[in-house]
Amino acid sequence: RKEVEQDPGPFNVPEGATVAFNCTYSNSASQSFFWYRQDCRKEPKLLMSVYSSGNEDGRFTAQLNRASQYISLLIRDSKLSDSATYLCVVKGAGTASKLTFGTGTRLQVTL
Amino acid sequence: DAGVTQSPTHLIKTRGQQVTLRCSPKSGHDTVSWYQQALGQGPQFIFQYYEEEERQRGNFPDRFSGHQFPNYSSELNVNALLLGDSALYLCASSWLTGGYSSYNEQFFGPGTRLTVL
């Protein structure tokens, strides 16, 4: 079983749609959780951290359920520029701990 | 302020050869992590260097080795290349000693795309 599992997609949605991505992780000792965005043939970039209380950044909302070991990302009012691969990432305890990535979910927003 | 830089951007090698990839961290960062990203997959952690020592290692064979220099830059070496080593190799830097924080963001470089023929 992979440590971080995501639906690879692709998700094809029209502009203005709301889309949700889910992710599960297997290591209950994981301490920190993130969503990264990766454009085609580019490096991953941090989109947002994910907190148990849920957090929002503009059109993006992230949720964490530690009991179910489940992470989600909701994108409202999708833009063409949101087209990318979204990587679910978990990190163990300690500032030096490695990042463990899911395979990524590809989003394509169309006119 | 320069971000993370990597060289070369692309590289083509044949099976059995050896390769060295280079990374310069973001200014002020002291920790370098290397990741391998195969096509259609997420990045996989190779190892991390801090204070010129390998601090953590992922599930990669000994053919993968590295080094960190006093200026915090780093090299990734891969010996006896296999076709399966073809991937995007990403370097990420962070600031381990930057203070008490549960997360010091890792900034990624643009990667080196390695093709093994």
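Here, every reference points to the structure presented above.
Not measured: the values here are computed from a predicted model.

J.: Mind showing me how you'd approach the interface of chain A and chain B here?
T.: When the parts of a complex come together, some accessible area is lost, and that lost area is often used as the size of the interface. Across the contact, 19 residues belong to chain A and 23 residues belong to chain B. Together chain A and chain B conceal approximately 1,800 Å² of surface at their shared face, both sides included; 53% is due to carbon and sulfur atoms. Taken together, chain A and chain B are joined by zero salt bridges. Along the contact surface separating chain A from chain B lie two residue pairs in polar contact (both at pLDDT 80 or more).

J.: Sorry, what's going on with the nonpolar core here?
T.: Here is a general trend for soluble globular proteins: nonpolar side chains tend to be buried in one another's company. Phe 21, Trp 35, Ile 71, Leu 73, Ile 75, Tyr 86 and Leu 107 of chain A are the most contacted members of the largest nonpolar core, which totals 23 residues. Broken down by secondary-structure element, the contributors of at least two residues to this core are β3 (19-25), β4 (32-38), β5 (44-50), β7 (60-65), β8 (70-75), β9 (84-91) and β11 (105-110) of chain A. Setting aside its immediate chain neighbours within four residues, Ile 71 of chain A contacts Phe 21, Asn 22, Cys 23, Tyr 25, Phe 33, Trp 35, Val 50, Gln 63, Leu 64, Cys 88 and Val 90 of chain A. Among the nonpolar cores identified, the runner-up in size contains 20 residues, and Val 19, Ile 46, Phe 64 and Leu 76 of chain B belong to it.

J.: Help me understand the state of the cysteines, please; the structure alone is not making it clear to me.
T.: Among covalent bonds in proteins, the disulfide is the one between the sulfur atoms of two cysteines. Summed over the entire model, instances satisfying the criterion amount to two disulfides over all chains. A disulfide bridge connects Cys 23 of chain A with Cys 88 of chain A, and the sulfur atoms are separated by 2.0 Å. The disulfide joining Cys 23 of chain A to Cys 88 of chain A has a torsion of about -75° about its S-S bond and is therefore left-handed. Taken together, the positions of Cys 23 of chain A in strand β3 and Cys 88 of chain A in strand β9 put the pair 65 residues apart, joining distant regions of the chain. According to the relative accessible area criterion, Cys 23 of chain A is buried, its value standing at 1%. Overall, Cys 88 of chain A belongs to the buried group, its relative accessible area being 0%. There is a disulfide in this structure between Cys 23 of chain B and Cys 91 of chain B, and the S-S distance comes to 1.8 Å. The sign of the S-S torsion, about -55°, decides the handedness of the disulfide formed by Cys 23 of chain B and Cys 91 of chain B: left-handed. You can see Cys 23 of chain B sitting in strand β3 (residues 19-24) and its partner Cys 91 of chain B sitting in strand β9 (residues 87-94), a full 68 residues away along the chain.

Cut-offs used in this document
Residues numbered from 1 in each chain as written. Chains lettered and ligands numbered in written order. Predicted model: local features only at pLDDT ≥ 70, side-chain atom pairs only at ≥ 80, totals over all residues. Heavy atoms only, no water. Contact = heavy atoms within 4.5 Å. Buried area = accessible area lost by both parts, 1.4 Å probe. Salt bridge = Lys/Arg side-chain N within 4 Å of Asp/Glu carboxyl O. Polar contact = N/O pair within 3.5 Å; in protein donor to acceptor, adjacent residues only side chain to side chain. Core = buried A, V, L, I, M, F, W, Y, C linked by side-chain atoms within 4.5 Å. Buried < 20%, exposed > 50% of the residue type's maximum accessible area, 1.4 Å probe, protein only. Helix = DSSP H or I, 4+ residues; strand = E, 2+ residues; numbered from the N terminus. Disulfide = S-S within 2.5 Å.

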